Amino acid sequence: MEEIVLPAPAKINLALKVKGLRADGYHELEMIMQTIGLHDRVHLKKIAGGIRVVSSHPGLPEGSGNLAYRAAEFILEQSGIDGGVEIFIEKNIPLAAGLAGGSTDAAAVLKGISKLYQLKISDEVIREMASKLGSDVSFCLKGGTSYAYGRGEQLEQLPDLNKIHIILITPPVEVSTAFIYREYDRLKNGLEIPVSRLVEIIKQGKEINWQEGWANDLEPVTARLFNDIYEIKGILKEMGVKFSLMTGSGPTIFGILDKGEEALFIKDNWPRKEDFVFVTSTVKQEFSELW
Ligand code: C5P
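A. The pattern of salt bridges, seen in detail. Evaluated as defined, the whole model comprises 18 salt bridges. Taking the shortest distance from any N to any O, the salt bridge between lysine 91 and aspartate 105 comes out at 2.8 Å. Taken together, the positions of lysine 91 in the loop between strand S4 (84-90) and helix H2 (101-116) and aspartate 105 in helix H2 put the pair 14 residues apart, joining distant regions of the chain. The exposure class of aspartate 105 is buried, given its relative accessible area of 2%. With a closest N to O distance of 2.9 Å, lysine 203 and glutamate 156 form a salt bridge. Taken together, the residues span a long stretch of sequence, with lysine 203 in helix H6 (residues 195-203) and glutamate 156 in strand S6 (residues 154-158) at a distance of 47 residues.

B. Local environment of the domain arrangement of the protein chain. What the domain assignment reports for the protein chain is domain 1 (3-159) and domain 2 (165-286). The C-alpha centroid of domain 2 is placed 22 Å from the C-alpha centroid of domain 1. The interface is formed by 33 residues belonging to domain 1 together with 36 residues belonging to domain 2. Here domain 1 and domain 2 share an interface that buries about 2800 Å² over both sides, 66% of which is from carbon and sulfur atoms. When residues of domain 1 are sorted by the area they lose upon contact with domain 2, Leu14, Leu16 and Val18 head the list and together hold 20% of the total.

C. How the structure looks around the layout of surface pockets. Taken as a whole, the largest pocket spans an internal volume of roughly 1200 Å³. Lining the largest pocket we find 46 residues, and of these Leu67, Ala96, Ser103, Asp136 and Thr177 sit closest to its centre. When residues of the lining of the largest pocket are traced back to their parent elements, those giving at least two are strand S1 (3-21), strand S2 (27-47), helix H1 (67-79), H2 and helix H5 (177-187). It is H5 that contributes the most residues to the lining of the largest pocket, 5 residues altogether. Residue classes in the lining of the largest pocket are distributed as 21 nonpolar, 17 polar and 8 charged. Counting contributing residues per domain, the lining of the largest pocket is built from domain 1 (3-159) and domain 2 (165-286), each supplying no fewer than three. Together, 17 residues line the second largest pocket, and Asp123, Ile126, Arg127, Leu141 and Lys142 are the ones closest to its centre. Listed by contribution, the elements that provide at least two residues to the lining of the second largest pocket are H2, helix H3 (123-133), helix H4 (137-142) and S6. With 6 residues, H3 is the single largest residue contributor to the lining of the second largest pocket. In the lining of the second largest pocket, the residues fall into 4 nonpolar, 4 polar and 9 charged.

D. The packing of aromatic side chains, seen in detail. Across all of its chains, the model carries 4 aromatic pairs by this definition. For the ring pair phenylalanine 276 and phenylalanine 278, a centre distance of 6.0 Å and an interplane angle of 5° mean the geometry is stacked. A relative accessible area of 28% means that phenylalanine 278 is categorised as partly exposed. The rings of Trp210, Trp214 and Phe243 are connected pair by pair, giving a single aromatic cluster. Lysine 46 extends its terminal NZ or CZ atom over the ring of tyrosine 117, reaching a point 5.1 Å from the ring centre. Sitting over the ring of tyrosine 26, arginine 151 keeps its end group 4.8 Å from the ring centre.

E. Spatial organisation of the environment of threonine 35. Its place among the elements puts threonine 35 in strand S2. Taking the C-alpha atoms as reference points, threonine 35 and proline 7, 28 residues apart in sequence, are found 12 Å from one another. Engagement of the side chain of threonine 35 in a polar contact is seen with the backbone nitrogen of glycine 144, the distance being 2.8 Å.

F. Spatial organisation of the pairing of strand S7 (residues 165-170). Among the 6 residues in S7, 5 count as buried, and that is most of the element. In the sheet, S7 pairs with strand S9 (residues 253-257) via 5 bridges, with the strands oriented antiparallel. Among the inter-strand pairings, isoleucine 169 is bridged to a residue of S9, identified as isoleucine 253. Where S7 meets strand S10 (residues 276-281), 6 bridges bridge the pair, whose relative direction is antiparallel. When the bridges of S10 are listed, isoleucine 169 appears paired with valine 277.

G. View of the site of the ligand. With respect to spatial proximity, the complete set of residues near the ligand consists of Gly25, Tyr26, His27, Leu29, Gly134, Ser135, Arg151, Thr177, Ala178 and Tyr181. Take histidine 27: an N or O atom from its side chain is 2.7 Å from an oxygen atom of the ligand. Take arginine 151: an N or O atom from its main chain is 2.9 Å from a nitrogen atom of the ligand. Burial of the ligand by the protein amounts to 72% of the accessible area it has alone, namely 450 Å². At a threshold of 2 Å from the grid points, most atoms of the ligand map onto the largest pocket. Breaking the shell around the ligand down by element, the ones donating at least two residues are S2 and H5.

Here is what the cut-offs are and how they apply
- Residues numbered from 1 in each chain as written.
- Predicted model: local features only at pLDDT ≥ 70, side-chain atom pairs only at ≥ 80, totals over all residues.
- Heavy atoms only, no water.
- Salt bridge = Lys/Arg side-chain N within 4 Å of Asp/Glu carboxyl O.
- Helix = DSSP H or I, 4+ residues; strand = E, 2+ residues; numbered from the N terminus.
- Buried < 20%, exposed > 50% of the residue type's maximum accessible area, 1.4 Å probe, protein only.
- Domains from an automatic or database assignment.
- Contact = heavy atoms within 4.5 Å.
- Buried area = accessible area lost by both parts, 1.4 Å probe.
- 1 Å grid on protein atoms, 1.4 Å probe; cavity = no way out; pocket = protein on both sides within 12 Å on 5 of 7 lines; lining within 4 Å.
- Points joined across faces, edges and corners; volume = space filled by probe spheres on them.
- Nonpolar A, V, L, I, M, F, W, Y, C, P; charged D, E, K, R; others polar.
- Phe/Tyr/Trp six-rings, centres within 6.5 Å; stacked < 30°, edge-to-face > 60°.
- Lys NZ or Arg CZ within 6 Å of the ring centre and 35° of its normal.
- Polar contact = N/O pair within 3.5 Å; in protein donor to acceptor, adjacent residues only side chain to side chain.
- Pairing = 2+ DSSP bridges.
- Near = heavy atom within 4 Å.
- Areas by Shrake-Rupley, 256 points an atom, 1.4 Å probe, with all protein chains shown as cover.
- Sits in = over half its atoms within 2 Å of the grid points.

Printed below as a string of structure tokens:
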């Protein structure tokens with residue numbers, strides 16, 4: 001095998017609770033994470049040596065500033081193979097948007113290089129590398145629906161949800177995750193988020209009631225800095241979305257709909273022309289892992 005192409009799907013946080021600041025500077029979290037259909041495509045090609053990253057997006061760093069580059073460097077070094085890789089990232093996931101776009105590319109690079117070079121490397125070792133690369137990379141390796149804790153790298157796989165139709169709205173604002181967490185620490189106004197109860201609801205395969213406490217502790221923090229967040233949620237509500245929430249540290253908002261057509265209607269009539277708008281749905285684990 002000389003080349004391989006892997007889809008790298010985005011994630012949303014159906015719930016995100018910050019439990020506290022840890023001694024290592026990270027935050028102890030409890031999250032419910034979900035793979036969605038929006039995806040990049042990561043093309044990997046064997047080359048004689050070194051790592052080259054090229055992308056369809058001009059804003060994406062092409063050297064070690066790119067997490068996909070660091071993932072390649074890590075797995076090539078660890079496995080001690082004689083050879084390099086050229087990575088082409090077909091970027092569809094908005095950058096720094098709370099959708100784990102960088103983490104999912106990195107996860108695809110780990111899986112892809114392992115396949116490309118037929119490395120005799122255990123899943124355990126790949127998972128270890130993933131968690132060192134970033135807090136969301138471990139989830140991106142596995143996908144589906146997970147309860148995530150610790151920094152976000154500790155995972156418990158949950159049963160797949162019935163397909164949920166989703167509209168994503170990403171306003172054109174730049175959000176630094178590290179800054180949002182610092183603001184969270186300064187403001188100290190966590191929400192009541194009954195994560196264990198929400199996990200139980202999923203485990204029991206019950207119908208989700210979106211009024212039951214699905215929330216994100218970082219949403220009010222990012223919303224204080226950017227009016228776009230509540231403005232978008234307001235418009236979604238007026239347009240008939242029964243529930244919306246910011247994902248990760250933002251700024252993307254996802255809205256939940258009963259039917260795909262409702263999501264398409266909102267996309268076609270979305271009034272804020274500056275936003276990235278995308279219609280998608282949840283993806284089952286069996287498919288996200290195949291990717
Ligand atoms: O792990 P990752 O590189 O994705 O995290 C980006 C930044 O987000 C970290 O440098 C940290 O400031 C913040 N973060 C955190 N607690 C977490 C995950 C991320 O404080 N559990």
